[in-house]
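# Notes for the structure review
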Amino acid sequence: MTDQLQRFLFDDFEIRGEIAQAHAAFEECVTNHDYPVEVANTIGELLIATSLLTATLKFKGKIAVQIQGDGPLSMAVINANQNLEVRGTARYQGDTTGLSFSELIGKGNLMITITPDNGERYQGIVALEKATLAACLEDYFVQSEQLATKISLFADSASTPVQAAGLLIQTLPAHSETHEEDFAHVCALANTIKAEEIYTLQNDDLLFRLYHQEKVRLFETQPINFVCGCSKERCLSSLASLDEEEIKDILEEQDSIDMRCEYCATTYSFKERDLQILFTSTNQKH
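Notes on the structure follow. Only a predicted model underlies this, so the values are computations on that prediction, with no experimental measurement involved. Every chain's residues receive numbers from 1 upward, in the order its sequence appears when written. Thresholds applied to this predicted model are a pLDDT of at least 70 for local features of residues and 80 or more for the giving and counting of side-chain atom pairs; totals over whole chains, interfaces and linings are not thresholded and use all residues. In computing side-chain properties, one takes all heavy atoms of the structure into account and sets aside hydrogens as well as water.

Moving on to the packing of aromatic side chains. Here a pair means two rings of Phe, Tyr or Trp (six-membered ring of Trp) with centres within 6.5 Å. Their orientation is stacked below 30 degrees between planes, edge-to-face above 60, and tilted elsewhere. Per the counting criterion, the structure on display carries 5 aromatic pairs. With 5.0 Å between their ring centres and 85° between their planes, Phe10 and Tyr211 make a pair best called edge-to-face. On the criterion of sequence distance, the pair formed by Phe10 in strand β1 (residues 4–10) and Tyr211 in helix α7 (residues 203–211) is long-range, its members being 201 residues apart. Exposure class is identical for Phe10 and Tyr211. Each is buried. Counting from the N terminus, the helices are the DSSP runs of H or I reaching at least four residues and the strands are the DSSP runs of E reaching at least two. Here the term buried applies to any residue with accessible area under 20% of the maximum for its type, exposed to any over 50%, and partly exposed to those in between, with areas from a 1.4 Å probe on protein chains only.

This is the structure in structure tokens:
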């Protein structure tokens, strides 16, 4: 199935929703990293969550959804923009075998940072006090947006190929007299989704299976793509901040300077001849 996000609306309720699948993007996030299953699955859930949030928080710019804690998984982050170009990485240590989300993170926080193309940067922070990432995100919406939200996240890094998908159900600002009852009804049906269904079914088939008694309107799909953005030029630019003598000392010790992208795991190797342009530009400055 194509990596995509699709919005939908209940015509008779004041409720909106989104479905996202990002199997290929998930594969790109974890390939070449050798993450344990528990860490990789968390990245997959975070990837889907970020995609759902990007569509919910209408903006043009960049978003970073990050979890930090004092457990074995100290940090995981997904970066995205309004075009749903995503990338992600994680840092962990120790044995994560069989650990739950709470055990992986320990005591920590969820941080959502929005950097619009025009306007001020915004950051929302909530404590990771629930048993799942989905429940923590629901907390975020209640605290920061005052919008009741139901989120379901699925990720399986042990399957071939890997799979990641999710569903968001959210109340709209206006409320009818029966709104709470309607929202509870829609969420109860959402709770019946099985991972295999959301991984493999077309969205209209999935929504019909869940809500065949309701009027649900689907909108156009939006593609989700893994885009890292690293390059040899960017690595050279960061090396330019070092002193010429420092660079030469490193080259004497190890013959080349290797820089590994923490997102896509690409390694860029620079020998002395590759760095001559830096020495030339440094001398020109003087």
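Let us now look at the layout of surface pockets. Of the voids in this model, the largest pocket is the one considered here, and its volume is about 370 Å³. The way it works is a 1 Å grid over only the protein atoms, where trapped points that fit a 1.4 Å probe form a cavity and open points with protein on both sides within 12 Å along at least five of seven lines form a pocket, and then any residue with an atom within 4 Å of a point lines it. Lining the largest pocket are 17 residues, with Lys62, Asn79, Ala80, Asn81 and Arg87 positioned closest to its centre. Contributing elements (two or more residues each) for the lining of the largest pocket: β3 (61–69), β4 (73–81), β5 (85–92) and β6 (108–116). Looking at the lining of the largest pocket residue by residue, the classes come out as 6 nonpolar, 6 polar and 5 charged. Grid points are joined across faces, edges and corners, and a volume is the space filled by probe spheres set on the points. In this structure, the second largest pocket occupies an estimated 250 Å³ of space. Lining the second largest pocket we find 15 residues, and of these Glu45, Phe101, Thr132, Leu133 and Leu153 sit closest to its centre. Side-chain classes follow a simple rule in which Ala, Val, Leu, Ile, Met, Phe, Trp, Tyr, Cys and Pro form the nonpolar group, Asp, Glu, Lys and Arg form the charged group, and the remainder, Gly included, forms the polar group.

With that settled, the discussion passes to the sheet that holds strand β7 (residues 122–127). An order of β7-β6-β3-β4-β5-β11 is seen for the 6 strands of this open sheet, with the pairing classed as mixed. This sheet does not close on itself; its edge strands, each paired only once, are β7 and β11 (225–226). Sheet topology places β5 next to β11; 2 bridges connect them, and they run parallel. Each residue of the ladder has a partner; that of Val86, found in β11, is Phe226. Any two residues having at least one pair of non-hydrogen atoms within 4.5 Å are treated as being in contact. Note on geometry: axes are C-alpha line fits, over the in-contact stretch for helices, and angles between N-to-C directions span 0 to 180 degrees. Here helix α2 (residues 37–56) sits on the sheet in contact with β3, β4, β5 and β6, set at roughly 35° to β4. On top of the sheet, helix α4 (residues 133–145) reaches β3, β6 and β7; it is set at about 120° to β7, its chief contact. The pairing criterion for strands is at least two bridges between them, as found by DSSP.

Okay, α4 next. Under the 1.5 Å per step criterion, the end-to-end length of α4 is 17 Å for 13 residues, consistent within 8% with the ideal 18 Å. For α4, every residue scored as buried is listed here: Leu133, Ala134, Ala135, Cys136, Leu137, Asp139, Tyr140 and Phe141. Directly beyond the C-terminal end of α4, a positive phi value near 55° is found at Gln146. To estimate how far a helix should extend, the number of its residues minus one is multiplied by 1.5 Å.

What follows concerns the packing of α2 against α4. Two quantities define a packed helix pair, namely the angle between the axes and the distance from one axis to the other. Orientation of α2 relative to α4, taken along the N-to-C sense of each, is 25°, at an axis distance of 11 Å. The pairing of α2 with α4 is recorded here as roughly parallel in orientation. Where α2 crosses over α4, the two elements pack in a sense that is right-handed. Residue-level contacts link Glu45, Leu46, Ala49, Leu53 and Thr56 of α2 to Leu133, Leu137 and Phe141 of α4. Throughout this description, any angle smaller than 35 degrees is read as roughly parallel, any larger than 145 degrees as roughly antiparallel, any in the 65 to 115 degree range as roughly perpendicular, and the remainder as oblique. Two helices that cross are described as forming a left-handed crossing if the nearer one is turned anticlockwise from the farther one by less than a right angle, and a right-handed crossing if clockwise.

Time to look at the environment of Thr221. Position of Thr221 relative to the elements: it lies in strand β10 (residues 216–223). For Thr221, a relative accessible area of 42% translates into the label partly exposed. For the pair Thr221 and Ile19, spaced 202 residues apart in sequence, the C-alpha separation works out to 9.5 Å.

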